[in-house]
Each structure stands twice: as C-alpha cells, then as structure tokens.
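The residues making up each chain are set out below.
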Amino acid sequence: MIDLYWTVIPVLLVHYYGTHPYGFSNQWRSTIVILLTWIWSIRLTHSYFRREKWQWGAKEDWRFCDMRPQYGKHWWWASFFAVYVSQQVFLIGICLPMYAIHSVEKTWGMWDVLATLVCLSGIVIAYNADTQLNEFVTRNNTLQQLGSPAIPTLETGLWRYSRHPNYFGEQLWWWGLALFGWNVGHGWTFVGALVNTLTLAYVTILVERRMLKQEKRANAYKMYQKTTSVWIPWFKLSPTEATKDKTT
C-alpha cells in the first residue's frame, strides 16, 4: 500500500509550504507548481488504479513478495523500517524544492518556463508510457484467454526507443521540480531527485532481472536490451548492429 503515499504526500506538502504563515514566494511560481503537482498526482493515481483493475490494494507489490521470504519472521519490522519509514523520509526529501519555492520571492523568469516545460514533459511521457504498457498487458491477457501465444516484449510507441520510458518521464518530473529549486537559489534541493534517480536505477535492475527469469520472454528481452536504450529515448539499433557492437 506504500504506492498510494506517493500520490498524496507531495500534494499535501506543496499546500503546506504554500500556505505556511512564514512562507513567501512569487505568486506565479507558487500557483504553477501547485497546479503541476496536482496534475502529476492525478496522473499517478489514475495509473495506479488502472493497473490494479480499479481495486484498492488487491495485490501486493512483487518486490515485497520477493523480499518476504528473505527476512522470514523478521519481515514485519524489516519492512516497517526499510520500506515504510524510509519512504516517508524519502518523500520529504524529494519534495524539498517545494519548500525552496515558497521561501524566496524571486521574479518569474525563463528558467521557470524551462522548469515548467520539463515537468509537463515528464508527466506527458509517463502517462503515455503507462497507457501503452497497460494496453500491452490487456492485449496479452486477451490472447492468453483465446489460447494464443502472448507477445513477449512491448516494442512499440515510446517503448521502441526506451526500455523504461515511464521511469524516464517520472525522473523528468522530479528534475524539473529540482530546477525550480535551483532557480530560486536552493540548488542543494536537487539531492532528493538524485537519490530518487539512483533508487530507480536499482529498481530498473530488479525489473530486468525479473524479466530475464521468465522463460518465455527471456530470449526476446535479451535482444530488446541489446537494441534499445535503458531510460533516455534513443534510436533503436538493428539486431545486426547490436551484435556487431557487442563483438567489437
């Protein structure tokens, strides 16, 4: 159930900082960041419930399922500190640019425009990537019900140019927020986005290891890894070029 905190806490924090009696900010910057946070939250909430078939906590995250047997009887307290408490601290840290925005009354400028565009780009990319992934999973479920073989790998749309375009879009959002913080003289607030990027890099490794453990998808996914960028969308290599690059 920790995923839902990510859709709620940032919204609460941005309003907390925006309405704090000791806070002050440029009205345009404050309003736009609050609006962007709401758009981001709605996008993430919709993605969560769509993925869960519009049910509340119907299934446990596969990463937690994998962790459970590792800790055995110690799972209850290990998960409490390693997963839940740590993510509360994580959420505060990654939202620090919201504090910076509401502690400086700097005039709105071009860097704010750029930060806004980065945030919006991240939201749009993440939404489209999640939508394409949901359609792919739904299509495969239908094929399996009909007794037809499933498509092993999603390689169309944004997924043709990046193996994890949804992660890329999410990172753009947080780095765009960090750019707002840097612009008002609080460059140190980028630390939250950096830690989030490093964490998501580790999650990417876990996801890809899981894909390679699935016998029916392993070979196709290995070729997908060779021909397609990890995060940043880029031109796809042909299988011949990928093999040539590996041998040279």
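This is a predicted model, so every value here is computed, not measured. Along each chain, residues carry numbers from 1 onward, in the same order as the chain's sequence is written. Reporting in this predicted model follows two pLDDT cut-offs: at least 70 for local features of residues, and 80 or more for side-chain atom pairs to be given and counted; totals over whole chains, interfaces and linings ignore these cut-offs and use all residues. Just so you know, side-chain values use all the structure's heavy atoms and leave hydrogens and water out.

## Considerations on the pattern of salt bridges
For this analysis, a salt bridge means a side-chain nitrogen from Lys or Arg found within 4 Å of a carboxyl oxygen belonging to Asp or Glu. With the rule as written, the count across this model stands at six salt bridges. For the salt bridge of Glu 52 with Arg 51, the shortest nitrogen-to-oxygen distance reads 3.1 Å. Its salt-bridge partner being Lys 236, residue Glu 155 comes within 3.2 Å of it at the nearest N-O pair. Placement of the pair is Glu 155 in the loop between α6 (110–145) and α7 (165–183) and Lys 236 in the loop between α9 (218–227) and α10 (239–247), with a sequence separation of 81 residues. Accessibility here uses a 1.4 Å probe with only protein chains present; expressed as a share of the type maximum, an area under 20% marks a residue as buried, one over 50% as exposed, and anything in between as partly exposed. Among the residues examined, Glu 155 registers a relative accessible area of 30% and is labelled partly exposed. Each of Arg 43, Asp 130 and Glu 170 takes part in a single network of salt bridges with overlapping partners. Each helix is a run of DSSP H or I of at least 4 residues and each strand a run of E of at least 2, with the numbering of both proceeding from the N terminus.

## Some points on the nonpolar core
The biggest cluster of nonpolar side chains holds 27 residues, and the ones touching the most others in it are Trp 6, Met 98, Trp 173, Trp 174, Leu 177 and Phe 180. Broken down by secondary-structure element, the contributors of at least two residues to this core are α1 (3–19), α2 (27–51), α4 (75–94), α5 (96–101), α6 and α7. If we skip the residues at most four places from it in the chain, Trp 173 touches Leu 36, Thr 37, Trp 40, Cys 119, Gly 122 and Ile 123. Ranked by size, the runner-up nonpolar core spans twelve residues in total, among them Ala 129, Phe 136, Val 203 and Trp 231. We call a set of buried residues a nonpolar core when its members are Ala, Val, Leu, Ile, Met, Phe, Trp, Tyr or Cys and they connect through side-chain atoms within 4.5 Å of each other. In this analysis, two residues are considered to be in contact whenever any of their non-hydrogen atoms come within 4.5 Å of each other.

## Comments concerning the UniProt feature "transmembrane region" (unreviewed entry) in the protein
UniProt positions are given in the numbering used here, feature names are shortened, and annotations may be inferred rather than shown by experiment. Here, UniProt's "transmembrane region" (unreviewed entry) annotation points to residues 75–96, 108–129 and 187–207. Within the segment residues 108–129, helix and strand shares are 91% and 0% respectively, and the terminal C-alpha atoms sit 31 Å apart. In this annotation, residues 187–207 is assigned 86% helix and 0% strand; the end-to-end C-alpha distance for the span is 31 Å.

## A few points about the packing of helix α3 (residues 62–71) against α4
For any two helices packed against each other, one specifies the crossing angle of their axes together with the interaxial distance. Packing of α3 against α4 leaves a shortest axis separation of 9 Å and a crossing angle of 135°. Looking at the two axes, α3 sits oblique to α4. As for how α3 packs across α4, the hand of that crossing is right-handed. Each of Phe 64, Met 67, Arg 68 and Tyr 71 in α3 lies in contact with α4, whose residues at this interface are Trp 75, Ala 78, Val 83 and Tyr 84. When residue character is reported, Ala, Val, Leu, Ile, Met, Phe, Trp, Tyr, Cys and Pro are called nonpolar, Asp, Glu, Lys and Arg charged, and the others, Gly included, polar. Its residues placed into classes, the contact of α3 with α4 shows seven nonpolar, no polar and one charged. Lines fitted to C-alpha atoms define the axes here, with helix axes fitted over just the stretch in contact, and angles between the N-to-C directions of these axes take values from 0 to 180 degrees. With respect to orientation, any angle under 35 degrees is reported as roughly parallel, any angle over 145 as roughly antiparallel, any angle of 65 to 115 as roughly perpendicular, and every other angle as oblique. Crossings are sorted by hand: turned counterclockwise from the far helix by less than a right angle, the near helix makes the crossing left-handed, and turned clockwise it makes it right-handed.

## Concerning the side chain of Glu 208
The residue Glu 208 is located in helix α8 (residues 190–213) in this model. When neighbours within four sequence positions are excluded, Glu 208 is seen to be in contact with Arg 163, His 164, Tyr 221 and Gln 225.

## Some details on the packing of aromatic side chains
Ring pairs are drawn from Phe, Tyr and Trp, using the six-membered ring of Trp, whenever the two centres fall within 6.5 Å, and their geometry is named by plane angle: stacked under 30 degrees, edge-to-face over 60, tilted for the rest. The full count for this structure, using the stated rule, is 14 aromatic pairs. When the centroid spacing of 6.3 Å and the interplanar angle of 80° are considered together, the rings of Trp 6 and Trp 174 count as edge-to-face. Residue Trp 6 is located in helix α1, and its partner Trp 174 is located in helix α7; the two are separated by 168 residues in the primary sequence. Here Trp 6 and Trp 174 have matching classes, each one buried. Each member of the aromatic cluster is reached from another via a ring pair, and the members are Trp 6, Trp 40, Phe 90, Trp 173 and Trp 174.

## So, the packing of α4 against α8
Following both chains from N to C, one finds α4 and α8 inclined at 130°, their axes separated by 8 Å at the closest point. One element, α4, and the other, α8, form an angle in the oblique class. By crossing handedness, the relation of α4 to α8 is classed as left-handed. Of the residues in α8, those touching α4 at Phe 90, Gly 93 and Ile 94 are Gly 192, Ala 193, Val 195, Asn 196 and Thr 199. Split by residue class, the contact of α4 with α8 holds four nonpolar, four polar and no charged.

## Comments concerning a nonpolar patch on the surface
On the surface, Trp 76, Trp 77, Phe 80, Phe 81, Val 85 and Val 89 cluster together to form a nonpolar patch covering roughly 680 Å² of accessible area. Structurally, Phe 81 can be placed in helix α4. Patch membership is restricted to residues that have no salt bridge and whose relative accessible area is over 30%. Joining uses 9 Å for like charges and 5 Å for the nonpolar side chains Val, Leu, Ile, Met, Phe, Trp and Tyr. Reported accessibility uses the Shrake-Rupley method at a 1.4 Å probe radius. Residues are deemed covered only where the shown protein chains occlude them.

## A word on the environment of Arg 29
Mapped onto the elements, Arg 29 comes out in helix α2. The class for Arg 29 is buried, based on a relative accessible area of 0%. Separated by 16 residues in the primary sequence, Arg 29 and Thr 45 have C-alpha atoms spaced 24 Å apart. The residues touching Arg 29, leaving out its near neighbours within four places in the chain, are Ile 101, Val 104, Lys 106, Thr 107, Trp 108, Asp 112, Phe 180, Asn 183 and Val 184.

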